[in-house]
Amino acid sequence: MRYGMVINIQRCIGCDACTVACKSHNGTSPGIFWRKVVKLESGTYPAARYQFIPLLCNQCDDPACANVCPVKATVKLANGIVHVDLDKCIGCRYCMIACPYDVRQFEANPEAEYFPGKGLSPWEEIMYTKHQAGTVDKCNFCEDRLAQGLDPACVVTCPVEAMTFGDMDDPNSEISKLIAARNPQPLKPEAGTNPAVLYIS
Amino acid sequence: MTTATKARTSPVMLPGLIGLAALVVLGIIAWGYQLSQGMSVLGIGQAVVWGVYIAAFFTLAGLASGLVIIAALGDLLDITGIKENRRAILIGALATYVASGIMILMDIGRPLRVLNMVISSNMISPFMWDFLALALSVILAAIYLFSGSRNRWLPVLAGFVAALVIIMEGWILSMSAGGVLWRTGIMPALFLIEGLMAGAAVLLIAKPEHAATDWLRKALMILIPIVVLLNVFEIATVLYNGDPDAQVATRLYLKDWIFWASVVLGIVVPIALLLWGGKTRTTHIITGILVVLGVFLAKYVILVAGQAQPYMLAPVDYTPTLPEIGGVIGISALAGLLFLLGLRLIPSKES
């Protein structure tokens, strides 16, 4: 089994609903984005256009982050997810340096309030227990939702169904059929990490 | 050396110790503030995750290794003024290695978990290679310090492992898939030359005998142009035929005023002083300080600029905060303090 995601950039409208769904589900603190939508401008008026590129952990088959981690805090699971063991992480941030996709996030202060001076909300109090100060964390395809048979929060939130998620090793899965039909490509293939997040552009 | 002997009896030793100790206390306060408030008090963020602490670590570890290599060369090439001062040079190297290790502890988010480096080692990580090389270099430098050059293989081995420390640091960056500016085989070579430059510069400041001064001046006159050439080769190659991301990163690098400060302060002025500044004590002190400062700035700018991501296409946003600056000053002072204490406390067992 290898979980993967295909993102159709032609469909993405840059609404950031996935960004908000991710933050809400994972309870990340202010300034931390396990996924984000990069907005690129190209061309000049009147032929200028926006291009939206959702970025998240690419769950690489040969993850540069796991290779450089000095303490094996980042490991590749059998289901393809690149998992971070927060209890092992020493916070050296070498994985962030090594990641070609700039998607790992350093939790400098995971107890920061969204509304400074107002104290933590009940939701923040619950969710912040999942994070550890001084460690690096990232998207894990919502492992907790997958355990319940649910797709990642970003996938189910997208209003234009720009993302297709599933098992890339199953030839009958929707994602495998989409890969066969549309030949989506990874970002920065020259990095040699063989990502499980592919893009239709 | 004269440096060792003088340091034991010098009337300026005590004020020097007190001044350095005060700066070390400043560093401890800065680190304490960082530990109590969290790493959000540092200038690092999600874009630039390695800042001035890592630049200082690279500089200090490079300097320490450069000192070990020069001490080894002094014995192997029979360089007057270097071999006689082996003890002081190696004490300086050990003091600087210790300081560089503490610098890394200050940089990591979970310093109490550093033992995971031992109990859960990932041997394919360049970070781990550097950790092992540094630990081995400290051990070899200490053995070299206490046993002298009776065994001719010892300076060879100590110098080789010290060189490996610097090479590993270059590899930490050049083997990183994320840094388009660093993915070049020149990085380890550049770091190696800069480490030797820093070592030679510090020794020039330390007022060795005349013969050693001449050797160090010649060494700098050779090493500085090599650094220039390596940079020119790399930049010209990337700008002419590099991949687009590397070209963007290189242009950002060249636009950074700190890059040009490192060129002027660490290359142009020192070369001018070496050529036309005479052989006065003042010239040597200024040259040495500028070379070390230039090496530090060069490491800082290539480290920070190299973290520009192609998706952002914007200058990286990083300014060191007061706790970071205090920490770097404190750790640098710690190297000096340990050096002076080492000169006084470590018995001389020269062969």
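Reference entry: report on the structure contained in this document.

What counts and what doesn't
- Residues numbered from 1 in each chain as written.
- Chains lettered and ligands numbered in written order.
- Predicted model: local features only at pLDDT ≥ 70, side-chain atom pairs only at ≥ 80, totals over all residues.
- Heavy atoms only, no water.
- Helix = DSSP H or I, 4+ residues; strand = E, 2+ residues; numbered from the N terminus.
- Rg over C-alpha atoms; globule rule 2.2 N^0.38 Å.
- Buried < 20%, exposed > 50% of the residue type's maximum accessible area, 1.4 Å probe, protein only.
- Areas by Shrake-Rupley, 256 points an atom, 1.4 Å probe, with all protein chains shown as cover.
- Lys, Arg positive; Asp, Glu negative; His and termini not counted.
- Charge placed at Lys NZ, Arg CZ, Asp CG, Glu CD.
- Contact = heavy atoms within 4.5 Å.
- Pairing = 2+ DSSP bridges.

1. Regarding the overall build of chain A
Thinking step 1. Across its full length, chain A carries 7 helices and 9 strands.
Thinking step 2. Over its C-alpha atoms chain A spans a radius of gyration of 17 Å, differing by no more than 12% from the 17 Å that the globule rule assigns to 201 residues.
Thinking step 3. Once the C-alpha set of chain A is aligned to its principal axes, its extents read approximately 45 × 40 × 35 Å.
Thinking step 4. Counting the 201 residues in chain A, one finds 56% classified as buried.
Thinking step 5. Of the accessible surface of chain A, which amounts to about 8800 Å², a share of 54% is contributed by carbon and sulfur atoms.
Thinking step 6. Averaged over its 19 positive side-chain charges, chain A has a centre that lies 4 Å from the centre of its 22 negative ones.

2. Describing the overall build of chain B
Thinking step 1. Each helix and strand counted, chain B has 13 helices and 0 strands in total.
Thinking step 2. In chain B, the succession of helices and strands from N to C terminus is α-α-α-α-α-α-α-α-α-α-α-α-α.
Thinking step 3. For chain B, the C-alpha radius of gyration of 20 Å lies close to 20 Å, the compact-globule estimate for 351 residues.
Thinking step 4. Its C-alpha atoms give chain B principal-axis dimensions of about 60 × 45 × 35 Å.
Thinking step 5. Within chain B, buried positions represent 56% of all 351 residues.
Thinking step 6. Sequence separation of at least 24 residues holds for 79% of the intrachain contacts in chain B that already meet a minimum separation of 6.
Thinking step 7. Of the accessible surface of chain B, which amounts to about 14400 Å², a share of 74% is contributed by carbon and sulfur atoms.
Thinking step 8. If the 20 positive side-chain charges of chain B are averaged to one point and the 16 negative ones to another, these points end up 10 Å apart.

3. A word on the pairing of strand S8 (residues 163-167) of chain A
Residue and element names in this part refer to chain A.
Thinking step 1. Judged by how many residues are buried, S8 sits mostly within the fold: 5 of 5 residues are covered.
Thinking step 2. One ladder, built from 5 bridges, connects strand S1 (residues 3-8) with S8; its direction is antiparallel. Residue pairing for S8: Met-5 is matched across the bridge by Phe-165.

By themselves, these are just geometric observations and shouldn't be taken as functional.
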